[in-house]
Amino acid sequence: MMTDNEIIYLDNNATTQLDPAVIEEMLPFLTKYYGNPSSGYGFAAMARKAINLARERLAALLGCEPTEIVFTSGGTESNNAVINSVLQLEPRGKNVITSAVEHSAVLRPCQDLAKRGCLVSFLNVDSHGDLDLGELEAAIRPETTFVSIMWANNETGVVFPIEKIAEICREKRVLFHTDAVQATGKIPMSLRDTPINFLSLSAHKFHGPKGVGALYVNRQTRFSPLVAGGGQENERRGGTENVASIVGLGKAAEVALKYLREDKCNIRSMRDRFEKSVLGAVNGTSVNGAGATRLPNTSSVSFEGIESSAALLLLDREGICCSAGSACRTGSQEASHVLRAMNPSEDGARRSLRFSLGRFTTDAEIDCAIEVVPKVIEKLRQSVGRTPVAAAL
Ligand SMILES: *Cc1c(COP(=O)(O)O)cnc(C)c1O
């Protein structure tokens, strides 16, 4: 069994380590300042002020107004809240457009809409993982009310041209939502300059706590709450605020903005070094999405002649945490819908591994991964003919 300090964590698109500065900021709100932010006395105002500060910090990261932010329980709730709101407020519109490579937190609610009689178009991607914007434009019809396209893909790191997509939607007068859970804190954003109606994000993907996220709702866009209750979040999300977690989200946003501005983090160079070394050391290897714009931290690699589930088992034994496709799919035998969409005729989806770096990834860890990954692939290839899992055991 691996102890905690022996692991090499290369699964930051699944979740990230809490930044120590985030924990420090949260602690007083788990201990001393336990007041309900809605209460009238001075003691509770501590919590209320802390939430306001978190809102300002997140607004600074997104380049929007604090009043445009609604705190939620995470990316999944934010996505569901948007889809619910659009359908509540635009009951006539029957056509919704999304992509085939969305996270399940968009795909599943959209599939449910389709079952309820909506016409949902799932736009395909090419072999690089890119969308055809002409196809998007052509798909928007008079009865289209809503387009939802993710900013960056969780499996491949492919970044979609969100500014252009937002512009197309504005011209065609349809509402536009982006699931920006993977993009937030990793690439610069200015929502003031981009005609986006809704944006979802989640704290635990950028070194904040799990179970808290936010929804950006443009101040000119109507919104109907998914969670009705007390008047919290300016009547947009009921329920007593998750104060400590919201404080943590705010701090994580502040730190992320600082790193983005200083641009001193060498995540991209570590990722590039990892890819170059692995591609050089192992033949029959390719990077999924290599031809597209990608996040600086993600490396999705396809290895000929292996089964990713067996590779994960061996890498786990070496203390390397990574994944095949997305974390949510672990345990299911279904191949990644994202990689299948990029390469429908190939079996690349079954032989790909995703390595995703974070702020706490070190050069020494990358050195170790560069040594271990080729060995594991070699070992798996030598055991051809035996069943993949048996070969790993
Ligand atoms: C992780 C993730 C989500 C879900 O966010 P939670 O806060 O875990 O609910 C949604 N979309 C994308 C792209 C993600 O990577």
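Just so it is clear, the model here is predicted, and its values are computed rather than measured.

Visitor: I would appreciate a short explanation of the site of the ligand in the present structure.
Guide: Contacts to the ligand come from G74, G75, T76, H103, M150, N154, D179, V181, Q182, S202, H204 and K205. Take T76: an N or O atom from its side chain is 2.6 Å from an oxygen atom of the ligand. One of the side-chain nitrogen or oxygen atoms of Q182 is found 2.7 Å away from an oxygen atom of the ligand. In isolation the ligand offers 380 Å² of accessible surface; the protein chains occlude 88% of this area. Looking at the shell around the ligand residue by residue, the class counts come to two nonpolar, eight polar and two charged.

Visitor: Explain helix α4 (residues 104-115) here, please?
Guide: Spanning 12 residues, α4 covers 16 Å between terminal C-alpha atoms, matching the ideal 16 Å at 1.5 Å per step. Looking at the buried residues of α4, the elements they touch are α3 (75-89), β3 (95-99), β4 (119-123), β5 (144-148), β6 (175-179) and α11 (337-342). Positive phi shows up at G117, right after α4, with a value of about 100°.

Visitor: What is the right way to look at the packing of aromatic side chains in this model?
Guide: The relation between two aromatic rings is expressed through the spacing of the ring centres and the mutual angle of the planes. Counted under the stated rule, the structure contains three aromatic pairs. On the numbers, 5.5 Å between centres and 45° between planes, the contact of F29 with Y33 is tilted. Ring centres 5.1 Å apart and planes at 70° place the aromatic pair Y34 and F43 in the edge-to-face group. K258 extends its terminal NZ or CZ atom over the ring of Y259, reaching a point 5.0 Å from the ring centre.

What counts and what doesn't
Residues numbered from 1 in each chain as written. Predicted model: local features only at pLDDT ≥ 70, side-chain atom pairs only at ≥ 80, totals over all residues. Heavy atoms only, no water. Near = heavy atom within 4 Å. Polar contact = N/O pair within 3.5 Å; in protein donor to acceptor, adjacent residues only side chain to side chain. Areas by Shrake-Rupley, 256 points an atom, 1.4 Å probe, with all protein chains shown as cover. Nonpolar A, V, L, I, M, F, W, Y, C, P; charged D, E, K, R; others polar. Helix = DSSP H or I, 4+ residues; strand = E, 2+ residues; numbered from the N terminus. Expected span 1.5 Å × (residues − 1). Contact = heavy atoms within 4.5 Å. Phe/Tyr/Trp six-rings, centres within 6.5 Å; stacked < 30°, edge-to-face > 60°. Lys NZ or Arg CZ within 6 Å of the ring centre and 35° of its normal.

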